Every structure is written in C-alpha cells, then in structure tokens.
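Fold and contact review
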Amino acid sequence: MRDAHVGPRVRHTHYASRPYYRGGQRHYQGQFHANMDMWKEKIHPGRKTLGRGQNGIPQSWFKITIPCGRKYDKTWLLNSIQSHCRVPFSPVDFHYARMQAQFFVQDASTAAALKNVSYKIRDDENQKICIFVNPSSVPYSVQTKLRPEQVDQLKLTMNKRYDVSQQALDLQNLRFDPNLVDHDIDMILNRRNCMAATLKIIEENFPELLSLNLRSNKLYQLDGLSDIMQKAPKVKILNLSKNELKSAWELDKIRGLKLEELWLEGNPLCSNFSDHSTYVRSVLTSSSLPQDGHELPPPIIFGIVAYTKLPVCKGSVFGSETLKSLVMQFLKQYYWIYDSGDRQGLLDAYHDEACFSLTILFNTKDLVPRCLEEYFKDSRNIKNLKGSVLWVQFLKHTKRDVVDFLSVLPKTQHDVSSFMVDMCVQTEKMLCFSVNGVFKEVEGVCQAHVCAFTRIFIATPASNSSLCIVNDQLCVRDVSLIETRGAFSTLVPIPSSSSVPTVSQEQQEVVQAFSTQSGMNLQWPQK
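Residues numbered from 1 in each chain as written. Predicted model: local features only at pLDDT ≥ 70, side-chain atom pairs only at ≥ 80, totals over all residues. Heavy atoms only, no water.

1. So, the overall build of the chain
A count of helical and extended segments in the chain gives 14 helices and 21 strands. Taking all 527 residues of the chain together, 44% fall into the buried category. The contacts of the chain with a sequence gap of at least 6 include a subset with a gap of at least 24, amounting to 65%. Here the chain has roughly 27500 Å² of accessible surface; of this, 52% comes from carbon and sulfur atoms. (Helix = DSSP H or I, 4+ residues; strand = E, 2+ residues; numbered from the N terminus. Buried < 20%, exposed > 50% of the residue type's maximum accessible area, 1.4 Å probe, protein only. Contact = heavy atoms within 4.5 Å. Areas by Shrake-Rupley, 256 points an atom, 1.4 Å probe, with all protein chains shown as cover.)

Given below as structure tokens:
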C-alpha cells in the first residue's frame with residue numbers, strides 16, 4: 001500500500017467551523033464531537049439505530065462520511081483508513097452520495113476508532129482527509145438483505161442465463177424473470193444489496209466471466225457495480241444500454257475495468273454530447289475502445305476527464321511585451337517602496353477611494369501558523385466571519401486607510417524573482433492583473449520566515465492621467481515546500497526609503513509607447 005502521505009488525485013474543500021478562544025489565540029472547533037455520550041444524546045427516541053449481532057446482542061450503527069470522497073480511489077481510501085485505524089473494520093454498503101463517500105459500521109468502539117483517523121491521512125496534494133462519524137439507523141441494504149433461500153433462487157436463475165461457451169452472462173430485464181417473480185423476489189439492481197448479491201454470485205460461480213449484459217434494468221446509478229473490478233476483473237464486454245444513466249460521471253465508477261466493448265445506447269447521457277464518438281471518451285481514455293458496436297477514431301481528451309493533475313505552471317502571462325515591461329516595472333517600484341520601511345510613499349499609487357482587503361489561507365481545523373498571526377487578526381475571510389458588520393470593518397476604504405494599514409504590517413523583503421504575473425483584464429480604462437510570489441519578514445520573532453502571497457490589483461487611468469490602484473486584494477498563506485526551493489537564491493539589497501531604481505533607455509521607450517496608448521502619467525512607472 002502507498003505511504004500515508006501519498007494518495008490519489010483530489011481536490012480539497014474546506015468547511016467553515018465556529019471559532020473559539022483559548023489562551024489568547026483563536027482556534028476552530030470541528031463539527032463533530034468525539035464524546036460517545038453526545039452521540040447517544042443526538043439519537044431521536046423513535047429512530048431505529050440498533051441491529052443485532054450473531055449472538056443476539058443489540059449493536060449500534062454509525063455512518064462514516066468522507067467529504068469529497070468521490071475523488072479518491074475506493075480501494076486506496078479504504079486501505080488508507082484501515083492502516084491508520086487501531087481496530088479492523090468491515091465497511092458495510094460503501095457508496096457515493098453526490099461528492100461524498102459513505103459507508104456504515106457496527107459497534108461504537110469501531111466508530112470511535114474511525115473518528116480518530118480523521119485528518120491523519122494526506123493525499124498527494126498534502127491535504128488532510130477528514131472523516132465524519134454519526135449515529136445511524138440500520139442501513140437499508142442490511143434491512144433488505146436477501147434471505148439464503150432467495151440467494152439460492154437467484155443463483156439458479158443466473159445459472160440458466162449463463163452461456164458457458166461464450167463465458168457470457170445475460171441479465172437483461174432481470175427483475176421480470178419468471179424464476180424470480182414466481183418466488184416473490186424483487187431484484188432491483190439499483191439497490192446496492194441486490195447488486196452486491198449478484199456480484200457475489202458472479203465471483204463465486206463465474207470467475208472466468210468475459211461478457212456481462214445488464215441491458216434494460218433501469219439503472220440510473222452504478223454505485224453497486226463499482227465492486228465489479230474485484231468480483232469480475234476479467235470482464236471485457238459490458239452492456240449497459242437501455243438504462244437510465246444520465247451522467248457520464250457514473251461510468252467513472254467502473255473505470256478500472258479493462259473493457260474492449262462498452263454499450264451505452266438508449267441512456268439519457270448519450271444526448272449530452274454533440275456526436276457519437278465523444279460521449280464515451282469524456283470518461284474513458286482507452287484509445288481503441290469499440291463503443292456501441294462502432295470503432296472510434298483516435299482519442300480526443302476533453303476537460304471533463306476526471307481527476308487529472310493540474311498542468312505545470314508555465315510562468316507569467318502578460319499578453320504583450322509592452323504590458324510585460326510596464327507591469328514588471330510597476331511591481332518592482334511598488335515593492336521597492338513597500339520593503340523600504342516607509343510605506344507612506346505608496347499613497348501616490350492609490351486612488352482616493354481605493355479599497356483593500358486581506359485574507360489569510362489556512363485549514364480552519366488547525367491552529368493559525370504563528371508567523372501569520374499578525375495578518376490573521378485583520379483577515380477578511382467572509383466564510384469565517386459571521387455578520388456583515390465585520391465584513392465592512394475589515395474592508396479598508398480610501399487610500400489613506402489603505403496605506404496606514406499597510407504601514408503597520410510586518411516589515412518584509414519580497415523576492416521579485418519569484419513573481420508570477422497573470423494579466424486578467426485589459427481595456428482602455430482598466431488593467432487587472434494578479435501576482436504570486438514569496439516574501440520574508442525582516443524583523444521580529446518570525447524574522448527570515450518565508451511566506452507566500454497572491455495579490456490582485458485593479459488600476460485605472462484617473463482624470464489626471466495617472467495610473468491609480470482602485471482595488472487591492474492581498475492573500476497571505478504559509479509557503480509550500482516547492483515554493484521554498486530557490487526562494488531568495490538571488491541576493492537583492494534591502495531597499496531604503498532614499499533608494500531610487502534606474503530605468504533603462506529601452507524601458508523608457510516602452511513606457512512612453514504605452515503612455516501614448518492609455519494616457520497614463522509617466523511619473524508613476526518611472527519614479
């Protein structure tokens with residue numbers, strides 16, 4: 001099994017939590033309480049939560065939920081949880097509910113052990129995986145589990161439908177098979193208990209199965225079929241035609257099968273795509289997969305392909321060399337003044353009615369990193385702030401308020417060589433761009449500690465033809481391991497308030513050209 005810190009591709013969603021204070025610092029309280037007594041108090045008096053074990057002793061049921069669990073490989077996820085859980089457990093009725101992965105366990109001690117696994121597993125993006133544990137009623141699949149005599153009848157029915165010479169199993173319209181109807185067995189394959197019983201019979205009786213026909217079973221989701229990779233790994237032909245599958249995402253649940261043919265005709269999802277050759281390839285990447293009996297042309301990979309890693313950053317994007325020279329000169333001048341120790345010189349860069357906001361990124365389940373505490377107290381993260389009063393209070397308005405606020409932030413040194421710039425919008429009257437980079441504090445207890453930042457500037461030519469910042473959004477976070485590599489590798493002298501950078505003849509010509517186009521005042525970029 002993989003190392004606990006290495007996992008499948010994933011995106012992580014943060015969940016807002018209620019803050020509380022301890023020892024003068026702000027902490028965050030999770031949504032789940034480990035106290036087992038509190039679990040019991042939350043159970044509704046009339047709610048059925050007890051099943052009975054083999055010895056007749058009542059047992060409690062608990063639902064385990066992994067937010068955004070759909071983005072993890074099922075086998076990897078369960079193995080990772082088991083490797084961190086102090087007791088062995090058997091997940092019951094594993095399934096996906098929207099973006100969540102869910103399953104059930106019996107016994108309060110098992111549930112408590114699973115709760116303790118929360119945030120101990122990391123994926124390949126170094127994000128912690130949280131696990132929610134809640135009391136539950138007896139799972140529906142357990143309540144409706146087929147009786148032994150029903151399983152025997154289902155096995156007999158499937159044997160009659162199996163073609164030994166072709167190693168093919170025909171289960172189309174299974175619910176209406178007379179051998180089942182006559183015995184009052186309602187085989188609805190959308191029900192996970194029915195599909196699980198079917199797959200178990202396949203595993204035990206048809207291990208060499210090559211072709212499976214599930215046509216016309218009114219399947220609208222494939223949660224129950226997700227175990228087919230373990231139960232029938234040799235299947236090469238799968239017929240899902242004439243069902244009710246509406247989303248191509250359902251096919252991702254059978255992604256592990258090495259199919260040679262997949263039949264999907266007659267499903268609503270087929271109408272979601274512009275032509276026949278693209279709708280299967282939105283989720284399956286096999287280059288020569290015959291689909292619905294037609295040979296497909298060479299594959300075209302679309303953006304809908306699930307869970308691929310984001311492409312490697314290609315560097316700054318400016319749109320033109322003119323804008324590149326202008327923006328980089330602007331940023332060098334801005335941060336030269338910002339790092340000089342006297343930030344009042346930035347007043348000329350802001351519009352009279354400029355707005356500024358500061359946001360700190362960190363996992364709300366963790367303590368605030370020590371070196372972000374000075375920024376955190378003024379963080380305008382609307383997701384965590386309760387009430388519009390604080391939203392307004394943390395928004396700095398007018399250039400005097402903005403610069404005064406910037407002046408009290410810790411003294412810094414920015415690594416200009418780390419800057420990545422993206423031009424968002426450019427019009428005759430507005431320029432919007434973002435800059436990402438790293439900086440370090442030069443004083444105090446966090447001296448030399450490297451942090452990362454993202455800043456979005458919106459600037460417009462004012463009535464006096466000067467370039468003014470009208471909106472400034474600063475986001476500060478702890479630096480990643482990748483960002484620390486090469487940071488401050490180029491020695492740059494710490495600026496003083498009296499230092500003035502020089503502008504080359506070529507840069508002057510570029511600025512002059514852009515000034516003629518936009519009406520920008522030449523004084524600011526050439527200060």
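From this point on, the discussion continues.
2. What about the pairing of strand β5 (residues 92–97)?
Pairing geometry for β5 and strand β6 (residues 100–106), over four bridges, is antiparallel. Following the sheet pairing, Ala97 is matched in β6 by Gln100. In this structure, the hairpin formed by β5 and β6 is closed by a connection of two residues, where Arg98 is found at a positive phi of approximately 55 degrees. (Pairing = 2+ DSSP bridges.)

3. Examining the nonpolar core
Judged by nonpolar contacts, the single largest core of 40 residues is most densely connected at Leu331, Tyr334, Tyr335, Tyr350, Leu406, Phe433 and Val476. Counting only elements with at least two residues in this core, the list comes to α9 (321–338), β15 (350–361), α10 (373–376), α12 (399–408), β18 (420–426), β19 (431–441), β20 (450–461) and β21 (467–478). Tallying contributions element by element places α9 first for this core, with ten residues. Residues in contact with Tyr350, not counting those within four places in the same chain, are Tyr334, Lys399, Val402, Val403, Leu406, Arg455, Cys468, Ile469 and Asp472. With 38 residues, the next largest nonpolar core counts Met158, Ala232, Leu238 and Ile254 among its residues. (Core = buried A, V, L, I, M, F, W, Y, C linked by side-chain atoms within 4.5 Å.)

4. Some details on the pattern of salt bridges
Throughout the structure, instances matching the rule amount to 13 salt bridges. Across the pair Lys74 and Asp227 runs a salt bridge whose closest N-O atoms are separated by 2.2 Å. Within this pair, whereas Lys74 is found in helix α2 (residues 74–84), its partner Asp227 is found in the loop between β12 (211–213) and α8 (228–231), the two being separated by 153 residues in sequence. Between Glu443 and Lys411 there is a salt bridge; the shortest N-O distance is 3.6 Å. (Salt bridge = Lys/Arg side-chain N within 4 Å of Asp/Glu carboxyl O.)

5. Brief notes about the packing of aromatic side chains
The final tally for this structure, using the stated rule, is 19 aromatic pairs. The interplanar angle of 10 degrees and the centroid separation of 5.8 Å between the aromatic rings of Phe89 and Phe103 together place this pair among those described as stacked. Of this pair, Phe89 sits in the loop between α2 and β5 while Phe103 sits in strand β6, and the two are 14 residues apart along the sequence. Phe103 matches Phe89 in its accessibility class, with the two residues each being buried. Measuring from ring centre to ring centre gives 6.0 Å for Phe330 and Phe433, while their planes differ by 90 degrees; the resulting arrangement is edge-to-face. Of the two residues, Phe330 is situated in helix α9 and Phe433 in strand β19; the sequence distance between them amounts to 103 residues. Per residue, the accessibility class of Phe330 equals that of Phe433, and both read buried. Aromatic ring contacts, followed pair by pair, group Phe330, Tyr334, Tyr335, Tyr338, Tyr350, Phe419, Phe433, Phe439, Phe453 and Phe457 into a single cluster. Over the aromatic face of Tyr338 sits the side chain of Arg343, whose NZ or CZ is 3.9 Å from the ring centroid. (Phe/Tyr/Trp six-rings, centres within 6.5 Å; stacked < 30°, edge-to-face > 60°. Lys NZ or Arg CZ within 6 Å of the ring centre and 35° of its normal.)

6. Details of α9
In this model α9 runs 25 Å from its N-terminal to its C-terminal C-alpha over 18 residues, within 8% of the 26 Å that 1.5 Å per residue would give. Among all positions of α9, only Leu323, Leu326, Val327, Met328, Gln329, Phe330, Leu331, Gln333, Tyr334, Tyr335, Ile337 and Tyr338 are buried. (Expected span 1.5 Å × (residues − 1).)

7. Regarding unusual backbone geometry
Even without glycine at this site, Asp107 takes up a positive phi of about 85 degrees. When you line up the elements, Asp107 lands in the loop between β6 and α3 (108–115). Owing to a relative accessible area of 32%, Asp107 belongs among the partly exposed residues under this scheme. A positive phi is found at Thr398, a non-glycine position, where the angle reads about 85 degrees. By secondary structure assignment, the location of Thr398 is in the loop between β16 (396–397) and α12. When its relative accessible area of 24% is taken as the criterion, Thr398 is described as partly exposed.

8. Some points on the sheet that holds strand β11 (residues 168–170)
In any sheet, the strands associate via hydrogen bonds between backbone groups, in a parallel or an antiparallel arrangement. Taken in spatial order, the five strands line up as β10-β11-β12-β13-β14 in an open sheet, and their pairing is mixed. In this open sheet, the two strands that pair with only one neighbour each are β10 (162–163) and β14 (261–263). Pairing of strand β13 (residues 237–239) with β14 involves three bridges; the strand directions are parallel. Along β14, the bridge assignment pairs Asn239 with Trp263.

9. As for the pairing of β18
Taken together, the six bridges between β18 and β19 define a ladder with antiparallel strand orientation. Paired with Val425 across the bridge in β19 is Cys432. Once β18 ends, the chain turns through four residues before running back antiparallel as β19.

10. Describing the environment of Tyr162
Checked against the element boundaries, Tyr162 lands in strand β10. Sequence separation between Tyr162 and Leu212 is 50 residues; the distance between their C-alpha atoms is 9.6 Å. Residues contacting Tyr162, with those up to four places away along its chain left out, are Gln167, Ala168, Leu169, Phe206 and Leu209.

11. Quick notes on α12
Since the α-helix packs 3.6 residues into each turn, any two residues three or four apart lie on the same face. Those residues of α12 that sit buried are Val402, Val403, Phe405 and Leu406. Mapping the buried residues of α12 onto a view down its axis gives an arc of 160 degrees, with all of them on the same face. Check the buried side of α12 and you find it contacts α9, β15, β16 and β20. (Arc of directions from axis to C-beta.)

12. So, the confidence of the model for the chain
Confidence along the chain averages 76 in pLDDT terms, with 68% of residues attaining 70 or more. Every residue in residues 1–57 scores below 50 in pLDDT, and together they form 125 contacts with partners more than four places removed in sequence or on other chains. A low-confidence stretch, residues 296–307 (pLDDT under 50), is modelled with 27 contacts involving residues beyond four sequence positions or located in other chains. (pLDDT = per-residue confidence, 0-100.)

13. Focus: the environment of Gln82
Here Gln82 is to be found in helix α2. Residues contacting Gln82, with those up to four places away along its chain left out, are Val87, Pro88 and Phe89.

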